[in-house]
Protein chains: 2
Amino acid sequence: MAKGNVFVVTAPSGAGKTTLVAALLAADQNVQLSISFTTRAPRAGEVNGKDYHFVERAQFESMINAGELLEHAEVYGNYYGTSQTWINQVIENGRDILLEIDWQGAQQVRRLFPDSIGLFVLPPSVDVLETRLRNRGKDSEEIIARRMAAAREEISHVDEFDYVIVNEHIDEAVRDIVSIVRAERLKLPRQSARHVDLIASLKG
Amino acid sequence: MAKGNVFVVTAPSGAGKTTLVAALLAADQNVQLSISFTTRAPRAGEVNGKDYHFVERAQFESMINAGELLEHAEVYGNYYGTSQTWINQVIENGRDILLEIDWQGAQQVRRLFPDSIGLFVLPPSVDVLETRLRNRGKDSEEIIARRMAAAREEISHVDEFDYVIVNEHIDEAVRDIVSIVRAERLKLPRQSARHVDLIASLKG
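In this text the structure is predicted, and so the values were computed from the model without any measurement.

Listed per partner, the contact involves 36 residues of chain B and 36 residues of chain A. Between chain B and chain A, the buried area comes to about 3300 Å², and carbon and sulfur atoms account for 62% of it. Ranking the residues of chain B by area buried against chain A places R182, L188 and L202 of chain B at the top, with a combined share of 22%. Run the count over chain B and chain A and you get 6 salt bridges. In this structure, D176 of chain B engages R182 of chain A in a salt bridge whose closest nitrogen and oxygen atoms are separated by 2.8 Å. Breaking the side of chain B that touches chain A down by element, the ones donating at least two residues are α5 (126–134), α6 (141–155), β9 (163–166), α7 (170–185), α8 (188–194) and α9 (196–203) of chain B. Top element by residues in the side of chain B that touches chain A is α7 of chain B. It accounts for 7 residues. Broken down by class, the residue content of the side of chain B that touches chain A amounts to 19 nonpolar, 8 polar and 9 charged.

Structural data, given as structure tokens:
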């Protein structure tokens, strides 16, 4: 069994990351979004193991203490976090995991999964970025400026990633991300593991 | 200007490499097959700079002496060879070059183009390989056995390549090779060169 890959997708707000990831997940049944663990109660319609892994506070704290969380945060009294153990189970079964996280989370994932593959999504221009950040609502100039500063900080880490997608035309950008995920599965180490019997028989 | 990539595609006879490469060239206008230099006369319909670079014997020999050929051979009194200088010109213009060569040629290309990307195409089984080698004509068992031995020798070098495509279903294999070529263009070094101004302006 060839292990799955861990993909990290990072982008500034306004780069179109969420749309891109949704299109990838629709196009490729072998890659799945990382599912967070949380202690908050499920909302109407939320499914355990699909939207979140819903767990008790005591269980979450034992996961923290066991050091099995990639990252975690407490928001309004509820814990949220990503389990390294769970990701390992998924990739051991040959499926790919995708995490949508910021550059700090990406650094953490790289430490724990050195073979993970980092993708960074860029907007096609400063003007487009600013327009997209403005369109989010009727915000003050100060808030827009803060968002631009946050975007610039995110972008300053682009060189830490393996692939860069410039999201100018969404159709092309979707083909880009789908191609990267497909190509990564075809690399020698993964194919050698998947086709170990075939290769042995062909070598004769 | 981002430099183009050099792709090397290697396979045993019977793996379907030629069909796969033809489909890639049809699907992707930015990749082109390496064009050999030769001293033989053009045949009817052959176009200089498309089928071959047709050159005089003296010019070919000066290319040999200048050490600018990746490889060359003399067949029936005519020279054939691949020019490193010509490949460099093509990739400097941002186009990708693809070479269809055997494992020995691939080793030579890797020495001269350390960033080149190696793809190996495998048949889906020993039976399929043997069937394909038999179907080439009404050959003796001895000739078939010699072809199988040559195929096995080629396959013994699979671990020297970056990507492995198992050509079981041609449509899937075409998507594989197209994805690899597309993904390689999205790697950080190439995107950083292509989008140097964009990235500088986004970093602010």
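Resuming the write-up.
All names here are of chain B. Those residues of helix α3 (residues 84–92) lying buried are Q84, W86, I87, V90 and I91. One side of α3 holds all its buried residues, which, seen down the axis, span an arc of 160 degrees. Just downstream of α3 lies G94, where phi reads positive at about 90 degrees.

Let us look at the nonpolar core. One finds L119, Y163 and I177 of chain A together with L119, Y163 and I177 of chain B to be the most contacted residues of the largest nonpolar core, which totals 44 residues. With sequence-adjacent residues up to four places away left out, L119 of chain A is seen in contact with F7, V8, V9, T10, F161, Y163, I165, I177 and I180 of chain A.

Residues and elements named next belong to chain B. Spatially, the 5 strands line up as an open sheet ordered β2-β7-β1-β8-β9, and their pairing is parallel. Of all strands in the sheet, those bounded by a partner on one side alone are β2 (31–33) and β9. The average undirected angle you get between the axes of adjacent strands in this sheet is 25 degrees. Direction of pairing for strand β1 (residues 6–10) relative to strand β8 (residues 117–122): parallel, over a ladder of 4 bridges. Paired with V9 across the two strands is L119, which belongs to β8.

It is worth spelling out helix α1 (residues 17–27) of chain A at this point. Residue and element names in this part refer to chain A. Among the residues making up α1, those that are buried are K17, L20, V21 and L24. Here the buried residues of α1 occupy an arc of 95 degrees about the axis, which is enough to place them on one side. Summarising the geometry of α1, the exposed residues directed more than 90 degrees from the buried face are T18 and A26. Tucked into the core, α1 has its buried residues touching β1 (6–10), β2 (31–33), β7 (96–100), β8 (117–122), β9 (163–166) and α7 (170–185).

A few words on the packing of α5 of chain B against α6 of chain B. Residue and element names in this part refer to chain B. Relative orientation of the contacting elements α5 and α6 amounts to 130 degrees, with a least axis distance of 10 Å. Of the possible angle classes, the one that applies to α5 and α6 is oblique. For α5 against α6, the interelement crossing comes out right-handed. Only E141, I144, R147, M148, A151, R152 and I155 of α6 make contact with α5, whose side of the interface consists of V126, L129, E130, L133 and R134. Its residues assigned to classes, the contact of α5 with α6 shows 7 nonpolar, no polar and 5 charged.

In the predicted model, chain A carries a mean pLDDT of 93, and the fraction of residues at 70 or more is 99%. Complex prediction metrics read pTM 0.92 and ipTM 0.91.

Now for the relation of the copies chain B and chain A. Between the two copies, chain B and chain A, the superposition gives an RMSD of 0.0 Å; the rotation angle is 180 degrees and the shift along the axis is 0.0 Å. Taken together, the rotation and translation relating the two chain copies correspond to the operation of a two-fold axis. The position closest to the rotation axis in chain B is occupied by the C-alpha of S179 of chain B, lying 2.2 Å away. Mapped onto chain A, 100% of the interface residues of chain B are again interface residues, and the two copies thus contact each other with one and the same surface.

It is worth spelling out the packing of aromatic side chains at this point. Residues and elements named next belong to chain A. Counted according to the given criterion, the structure contains 8 aromatic pairs over all chains. Here the aromatic rings of F120 and F161 are separated by 5.1 Å at their centres, their planes lie at 65 degrees, and the arrangement is edge-to-face. Remark: F161 occurs in the loop between α6 (141–155) and β9 and F120 occurs in strand β8; sequence separation between them is 41 residues. Under the relative-accessibility criterion, F161 is labelled buried at 2%. Members of the aromatic cluster, joined through ring pairs, are Y52, F54 and Y80. The lysine or arginine in question, R110, covers the ring of F161, its NZ or CZ lying 5.2 Å from the ring centre.

The rules behind each value
- Residues take numbers from 1 onward in each chain, read along the sequence in its written order.
- Throughout, the order in which chains and ligands are written sets their labels, letters from A for the former and numbers from 1 for the latter.
- In keeping with the predicted nature of the model, local features appear solely for residues at pLDDT of at least 70, side-chain atom pairs appear and are counted solely at 80 or more, and the whole-chain, interface and lining totals rest on all residues.
- Processing note: side-chain calculations cover all non-hydrogen atoms of the structure and skip hydrogens and water entirely.
- Throughout, a residue-residue contact means that at least one pair of heavy atoms, one from each residue, lies within 4.5 Å.
- Buried area is understood as the total, over both parts, of accessible area removed when two parts are fitted together, assessed with a 1.4 Å probe.
- Whenever a carboxyl oxygen of Asp or Glu lies within 4 Å of a side-chain nitrogen of Lys or Arg, that contact is scored as a salt bridge.
- Numbering goes from the N terminus for both helices and strands, where a helix is a DSSP run of H or I of at least four residues and a strand is a run of E of at least two.
- Each residue gets one of three labels, nonpolar for Ala, Val, Leu, Ile, Met, Phe, Trp, Tyr, Cys and Pro, charged for Asp, Glu, Lys and Arg, and polar for the others, Gly among them.
- Working definition: with a 1.4 Å probe on protein chains only, accessible area under 20% of the residue-type maximum means buried, over 50% means exposed, and in between means partly exposed.
- What the arc measures is the spread of directions leading from the helix axis to the C-beta atoms.
- Think of a nonpolar core as a cluster: buried Ala, Val, Leu, Ile, Met, Phe, Trp, Tyr and Cys residues, connected wherever their side-chain atoms sit within 4.5 Å.
- Should DSSP find at least two bridges between two strands, the strands are regarded as paired.
- The convention used is that axes are lines fitted to C-alpha atoms, helices contributing only their stretch in contact, and that angles between N-to-C directions extend from 0 to 180 degrees.
- Comment on the angle field: the value is read as roughly parallel under 35 degrees, roughly antiparallel over 145, roughly perpendicular from 65 to 115, and oblique elsewhere.
- Take the far helix as the reference: if the near one is turned anticlockwise from it by less than a right angle, the crossing is left-handed, and if turned clockwise, right-handed.
- Confidence scores here are pLDDT values: one per residue, from the predictor, ranging 0 to 100.
- When the copies are overlaid, the least-squares fit takes in C-alpha atoms only where the residue has pLDDT of at least 70 in both copies.
- The rule is short: rings of Phe, Tyr and Trp, with Trp giving its six-membered ring, pair when the centres are within 6.5 Å, and they are stacked under 30 degrees, edge-to-face over 60, tilted in between.
- Counting as a charge over the ring demands two things of the Lys NZ or Arg CZ atom: a distance within 6 Å of the ring centre and an angle within 35 degrees of the ring normal.

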